[in-house]
Amino acid sequence: MYQNVFSFIHVIQIYQVRHFKLLKALTPEENSQSQQGLYFQDGQRRVDYVLTYHIKKPGTGRSYRHSTYLLTENAVARSLRRSTHRRDRRARHHQAQTAKAQPSSAVTDVELGNAGENLNGHDDNKAFRREEFEGKLRDMGLELEKDEEGRIPGLGFVKIHAPWNVLCREAEFMKLKMPTKKVYEVKDCSGVMEKINSLVSKALEPLHPHVEESRPKNIKHLSHTFSRDKQHLFDLSDKDSFFDSKTRSSIVFEILKRTKCKAKYSMEHLKGFQSLDVGKQQVVTWCQRHPFKEGLLQWKHCLQKWRISGISSLLGSGVYTAAYPLHDGRINEESADLGDRKLLYEEWANYGVFYKYQPIGLVRKYFGEKIGLYFAWLGLYTQMLIPASLVGVIVFLYGCATVDDNIPSMEICHPKNNITMCPLCDRVCSYWKLSTACGTARASHLFDNPATVFFSIFMALWAAMFMEHWKRRQMRLNYEWDLTGFEDEEEALKDHPRAEYEFKVMKKSMSKDQKSQQKVEKLTLQDRLPAYMTTLVMMLLMIGVTFAIVFGVILYRISTKAALYMSSNPVTRSNAQLTVKTTAAIINLVVILILDEVYGAVARWLTVLEVPKTDKSFEERLIFKTFILKFFNAFTPIIYIAFFRGRLVGRPGNYLYVFESYRMEECAHGGCLMELCIQLSITMLGKQLIQNNLFEIGVPKLKKLIRYIRSKQGGYQEEERKKKLLRYETDHFLEPFAGLTPEYMEMIIQFGFVTLFVASFPLAPLFALLNNIIEIRLDAKKFVTELRRPVAARAKDIGIWYDILRAVAKVAVIINAFVISFTSDFIPRMVYQYMYSPDGSMHGFVNHTLSYFNVTHFQDGKEPMDPVHLGYPVEICRYKDYRDPPWSPTPYEISKEFWTVLAVRLAFVIVFQNVVLLMNDVVDWLIPDIPKDISLQIHKEKILLVDLFMKEEQGKIRFLERRVSAGAKENCSRSNNNNCTKAHPRSGHTNSTKSV
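Under the annotation held in an unreviewed UniProt entry, the protein carries the name Anoctamin and is attributed to Cynoglossus semilaevis. In its Sequence similarities (unreviewed entry) section, UniProt records this for the protein: "Belongs to the anoctamin family."

J.: Before we go on, may I ask you to explain the overall build of the protein in this structure?
T.: Across its full length, the protein carries 34 helices and 17 strands. Within the protein, the fraction of its 996 residues that count as buried is 48%. Working note: accessible area of the protein is about 49,900 Å², and carbon and sulfur atoms make up 59% of it.

J.: Would you take a moment to explain the pairing of strand 1 (residues 49-54) for this structure?
T.: Here is the key point about a regular strand: its side chains alternate between the two faces of the sheet. Across the 6 residues of strand 1, 5 count as buried, placing the element largely inside the fold. Bridge analysis of strand 1 against strand 9 (residues 322-324) gives 3 bridges, and the strand direction is antiparallel. Each residue of the ladder has a partner; that of L51, found in strand 9, is A323.

J.: Looking at this model, I keep getting lost on helix 9 (residues 245-258). Mind explaining?
T.: Given 3.6 residues per turn, any residue in an α-helix points the same way as the ones three and four places further on. Its 14 residues give helix 9 an end-to-end C-alpha distance of 20 Å, which sits within 8% of 20 Å, the value for a rise of 1.5 Å per residue. Most of helix 9 is tucked away: 12 of the 14 residues are buried. Regarding helix 9, the residues found buried are S245, K246, T247, R248, S249, S250, I251, V252, E254, I255, L256 and K257.

J.: Explanation requested: the side chain of E170 in the structure shown.
T.: For E170, the position within the fold is in helix 6 (residues 164-174). On the accessibility criterion, E170 (1% relative accessible area) is buried. One polar contact links E170 to R258, side chain to side chain, over a distance of 2.5 Å. Not counting chain neighbours up to four residues away, the residues in contact with E170 comprise M140, I251, I255 and R258.

J.: It is not clear to me how unusual backbone geometry should be interpreted in this structure. Could you clarify?
T.: Residue D482 is not a glycine yet carries a positive backbone phi of 60 degrees. Inspection of the secondary structure puts D482 in the loop between helix 18 (450-480) and helix 19 (488-493).

J.: In this structure, what is going on with the state of the cysteines? I would like to understand it.
T.: Two cysteines form a disulfide when their sulfur atoms are joined by a covalent bond. Overall, the coordinates contain 3 disulfides when judged by the stated rule. The disulfide partner of C413 is C438, and the gap between their sulfur atoms is 1.9 Å. Because the sign of the S-S torsion sets the handedness, a value of about 105 degrees for the bond joining C413 and C438 places this disulfide among the right-handed ones. On the criterion of sequence distance, the pair formed by C413 in helix 16 (residues 407-413) and C438 in helix 17 (residues 438-447) is long-range, its members being 25 residues apart. With a relative accessible area of 23%, C413 lands in the partly exposed category. Bridging C425 to C429, the disulfide has an S-S length of 1.6 Å. As the torsion about the S-S bond is roughly 85 degrees, the C425-C429 disulfide counts as right-handed. No difference in accessibility class separates C425 from C429, as the two residues are buried.

J.: Would you explain the packing of helix 13 (residues 340-347) against helix 29 (residues 764-786) in this entry?
T.: The description of two packed helices rests on the angle between their axes and on the distance between the axes. The contact between helix 13 and helix 29 brings their axes to 10 Å, and the two run at 155 degrees. It follows that helix 13 is roughly antiparallel to helix 29 by the angle criterion. Regarding helix 13 and helix 29, the two cross each other, and that crossing is left-handed. Residues R341, L344, Y345 and E347 of helix 13 form the contact with helix 29, whose participating residues are R777, K781, V784 and T785. Residues of the contact of helix 13 with helix 29, tallied by class, amount to 3 nonpolar, 1 polar and 4 charged.

J.: Looking at this structure, how should I read the environment of M674?
T.: Tracing the backbone through its elements, the reader meets M674 in helix 25 (residues 673-710). Taking relative accessible area as the criterion, M674 reaches 18% and is therefore assigned buried. For the pair formed by M674 and D448, sequence separation is 226 residues and the distance between their alpha carbons is 8.4 Å. Residues contacting M674, with those up to four places away along its chain left out, are A443, S444 and F447.

J.: I tried to follow the packing of aromatic side chains on my own but got confused; where do I start?
T.: Here the distance between the centres and the angle between the planes together describe a pair of aromatic rings. Taken as a whole and assessed by the stated rule, the structure comprises 50 aromatic pairs. Between W377 and Y381, the aromatic rings sit 5.6 Å apart at their centres with planes inclined by 15 degrees, giving stacked as the arrangement. Pair noted here: W377 and Y381 are both in helix 15 (residues 369-402), with a separation of 4 residues, about one helical turn. In this structure, W377 and Y381 share a single accessibility class: buried. Above the plane of the ring of Y479 lies K220, whose end atom (NZ or CZ) is 5.0 Å from the centre. Over the aromatic face of Y852 sits the side chain of R878, whose NZ or CZ is 3.7 Å from the ring centroid.

J.: In this structure, what is going on with the pattern of salt bridges? I would like to understand it.
T.: Close approach of charged atoms lets side chains of opposite charge pair. In this structure the tally under the stated criterion is 38 salt bridges. As a salt-bridge pair, E145 and K159 come within 2.7 Å of each other at their nearest N and O atoms. Of this pair, E145 sits in strand 3 (residues 143-147) while K159 sits in strand 4 (residues 155-161), and the two are 14 residues apart along the sequence. The exposure class assigned to E145 is buried, which follows from its relative accessible area of 0%. On the accessibility criterion, K159 (1% relative accessible area) is buried. In this structure, E170 engages R169 in a salt bridge whose closest nitrogen and oxygen atoms are separated by 3.0 Å.

J.: Looking at this model, I keep getting lost on the packing of helix 28 (residues 741-755) against helix 29. Mind explaining?
T.: It is at 10 Å that the axes of helix 28 and helix 29 come closest, and there the two elements cross at 170 degrees. Taken together, the axes of helix 28 and helix 29 are roughly antiparallel relative to one another. Along its contact with helix 28, which presents E743, E746, M747, Q750, F753 and V754, the element helix 29 presents A764, P765, A768, N771, N772, E775, D779 and K782. For the contact of helix 28 with helix 29, the residue count by class is 6 nonpolar, 3 polar and 5 charged.

J.: I'm lost on the nonpolar core in this one. Help?
T.: It is characteristic of soluble globular proteins that their nonpolar side chains tend to be buried jointly. In this structure, W377, Y381, W462 and F757 are the most contacted members of the largest nonpolar core, which totals 109 residues. Looking at which element gives the most residues to this core, the answer is helix 15, with 15 residues. Aside from chain neighbours lying at most four places away, what touches W462 is Y381, M384, L385, A388, F751, V754 and T755. Listed in part, the 42 residues of the second largest apolar core include A171, Y320, I934 and F949.

J.: It is not clear to me how a nonpolar patch on the surface should be interpreted in this structure. Could you clarify?
T.: Side chains of L689, I690, L694, F695 and V699 sit close together on the surface and give an oily, nonpolar patch of about 420 Å² of accessible area. On the secondary structure map, V699 appears in helix 25. A residue is classified by how much of its surface remains accessible, and V699, at 35% relative accessible area, is partly exposed.

J.: How should the UniProt feature "transmembrane region" (unreviewed entry) in the protein be read in this particular structure?
T.: Sequence positions flagged by UniProt for "transmembrane region" (unreviewed entry) are, in local numbering, residues 374-398, 451-467, 536-558, 578-602, 622-643, 747-770 and 804-827. The straight-line gap between the two end C-alpha atoms of residues 747-770 is 13 Å; of that span, 67% is helix and 0% is strand. Across residues 804-827 one finds 92% helix and 0% strand; the C-alpha atoms that close the span lie 31 Å apart.

J.: Looking at this model, I keep getting lost on helix 31 (residues 826-836). Mind explaining?
T.: Residues F826, I827, P828, R829, V831 and Y832 constitute the buried set of helix 31. Contacts made by the buried residues of helix 31 are with helix 16, helix 18, helix 30 (800-823), helix 32 (845-849) and helix 33 (896-926).

J.: Quick question: what am I supposed to make of the pairing of strand 4 here?
T.: Extensive coverage of strand 4 is indicated by the burial of 7 of its 7 residues. The two faces of strand 4 match: L155, F157, K159 and H161 on one face and G156, V158 and I160 on the other face are all buried. Note that strand 1 and strand 4 share 6 bridges and pair antiparallel. By the bridge assignment, H54 is partnered in strand 4 with L155. Relative to strand 4, strand 3 runs antiparallel, the two sharing 5 bridges. Within strand 4, the residue paired with K146 across the bridge is V158.

J.: Help me understand the environment of F396 in this model?
T.: In this fold, F396 is placed in helix 15. C-alpha of F396 to C-alpha of T452: the two residues are 56 residues apart in sequence and 8.7 Å apart in space. Other than its neighbours up to four places away in sequence, F396 contacts L446, F447 and L763.

Rules used throughout
Residues numbered from 1 in each chain as written. Predicted model: local features only at pLDDT ≥ 70, side-chain atom pairs only at ≥ 80, totals over all residues. Heavy atoms only, no water. UniProt positions renumbered as here; feature names shortened; annotations may be inferred. Helix = DSSP H or I, 4+ residues; strand = E, 2+ residues; numbered from the N terminus. Buried < 20%, exposed > 50% of the residue type's maximum accessible area, 1.4 Å probe, protein only. Areas by Shrake-Rupley, 256 points an atom, 1.4 Å probe, with all protein chains shown as cover. Pairing = 2+ DSSP bridges. Expected span 1.5 Å × (residues − 1). Polar contact = N/O pair within 3.5 Å; in protein donor to acceptor, adjacent residues only side chain to side chain. Contact = heavy atoms within 4.5 Å. Disulfide = S-S within 2.5 Å. Axes fitted to C-alpha atoms, helices over the stretch in contact; angles between N-to-C directions. Parallel < 35°, antiparallel > 145°, perpendicular 65-115°, else oblique. Left-handed = near helix turned anticlockwise from the far one by under 90°. Nonpolar A, V, L, I, M, F, W, Y, C, P; charged D, E, K, R; others polar. Phe/Tyr/Trp six-rings, centres within 6.5 Å; stacked < 30°, edge-to-face > 60°. Lys NZ or Arg CZ within 6 Å of the ring centre and 35° of its normal. Salt bridge = Lys/Arg side-chain N within 4 Å of Asp/Glu carboxyl O. Core = buried A, V, L, I, M, F, W, Y, C linked by side-chain atoms within 4.5 Å. Patch = residues over 30% accessible without salt bridge, like charges linked within 9 Å, V, L, I, M, F, W, Y side chains within 5 Å.

Have a look at this one:
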């Protein structure tokens, strides 16, 4: 049977090759556009989508088929196919009738479809599935053309073109909004505001990209959902450009997704059927002959009802190796007619235009709404970082300007200061002078000053303003891009189940009792419970790994500091603190970079285990898991330094030890804020420079080189140097588009660095701004030159990422309140100044925060090895804490000053977060989500749309009335004629009688 099918296909191919040769003979030279690979060989039909697959080189003694043959529909091929289908059905019926009288073993090969096949099993299965899938695509109306003799050895291409009738049908099914003939004027504002806006636009004219627009800015087409019954409403004068390239490719992709194809079943419980693609009728016939075999009736029931969605399962099983739309032309050729891709390359993906706005409209036109929204959000986020950076720099400069006037720093650095401090570690560390911490105290003031409180409040309001500004910007883009009537429910209706989900449901249906014949339509909570438990355990395990690594870095700091203090080199001992801090931060950075990749793979694996139904559900679950793991990975070391380091230390004579050997580390006298700043800066800059920029540049180029080598193109480099690869061949070497999740994720983590601990690092917005200026052009260059063209996807918002941003902004308020209250010395300074200072100044603050310790109270074996290191014996040393002195009735107990400061700290946290959150809510209430002019324009569009349809209905009514009146007149005239004709015979009859 299959031998006849393959021979029939070969006949069609020979016919089509001859037809193509005749077509070539009629055209003296090939179209230049078809040479570039953007069109079919006839140079008329555009390539809307490309599928690639592996092919084997022709063997000896066997004729190889022509490399390029047309699979487009024609009358001869269609009639031949119908006759062959009828002949196949008769053959199958004949086999089913004769099989009852034959032993099963004699017909097994026929039923499996193995008789007479020339290809080996695995490749034959893939070829058969390709033929079946491509046949169904042709039945859907698509036109196909194959190329198996291109410039890339071992790779075949299927070029797909969607004709006009298919585009119209699918556009109506997808409810695409297309521009009508009706245009109207858009008025942004009037009066004084209009003049101000015109002046601002003229001033900002040099910052706009040089992108020519097809229509004036104040003119907009009225859009409506496309309908084949209302084609007269749309401007169809140029049908080739009515649906642009990204719309055509998205339409073809929808057809590829929903086209059904037989699944590759693995029948482990059927002997002789493992790993074979078995046709439905063949297995059903086999089941009928073996009714007593366990599970066969279930297989029959399953194969009658289940078919797996096409392109996703075919790509996963290796039937096709890639599927992608084409880029528009080349970017390195001089052309008078600038294409969209080349225009994007010159005006967007270029570091020389970093100061200009992005051509978001052109980005949306070329890549679709989803990618356009990402770059619009990234551009707005970068613009909003400009005022935050300016305020952060001002706060930092304020710290620099007031460092010499800071009384606590002056007291620490005073040369007459003879305060003797207790050792920082056991045995090897000795007593030290407080004046040696002068540099640390002055540096801490740069980030720990009263202006940081103001900056924290400002950044909380900045985050709220950014959210509101984005909602308004998003609504404006929805209006400009005709997405105001687009609903997620409509998108969900055509969001087909994933192939993995369908296969899982199919396996569940097969595993049920064979007596139960009802179809299983979905996976229940009980089915997913093992996956959910695995996810919970693995997430907790990964977070535990993060905590364990942080604890390991703590041990590294403690042991390394002790080793450095034991050094005989005085320079090493004096720089021990700085060395330990810097190296520990670098170790944390390296671990974070490594674990980021590990956690990304783990999150994807866990999401696959859960088998989400749709691609949207899969993406949201993956985003949530990845964000949780990467958030803990990036911020756990910072949270430890901010809130735990120096808190669980103990006191001299009663320190807290880890493993009974390592004393818990404590902060320097200037506080942990300086160390927090060092950790933040190294982690943030390292992630941006190494992970976000270096990896994004290097990894795609490396993968492209690997694909180039694997394709064996390198061996033909000298020979192929004179030839140019066609467009679909060039795009095959580009990196596949992996989604926007990595792009959003790195920006969300950066947003966390900017907002969560901004009280300790006011320069974070500036570094984020500098990074994002490069990031925009880097991502643009990657999308235009390094990645295959993504399939355009519609979206009206950024989805779950907005909810994550809001959550991070809320958490940032709480964390900054705790950083100001507990990590910095802002609250202790305020308490001392207004409660304990004799003159209301900060004089005496340092002495107020230091407690006394009698050196004779050291534990045995913990006292310094060199007690006279300072040149004199020490009887009393000082340490930073609020405790009673040794001569008090309650020595070394926590003093009342400690409880006073703690109460004020907690009160400040409560007041700060409630006030700031209230201010955020006020900002949210004051700023409307929809701009007033956009609201008016949307209302105007609805009125114009109603008027358009009313005129159309009135026109139909007038047309019907004219037809009715015309029909009535015609009937009347016919009736009059009939009366006349009837009257004439009568008169003739009377005359004749009279004559008679």
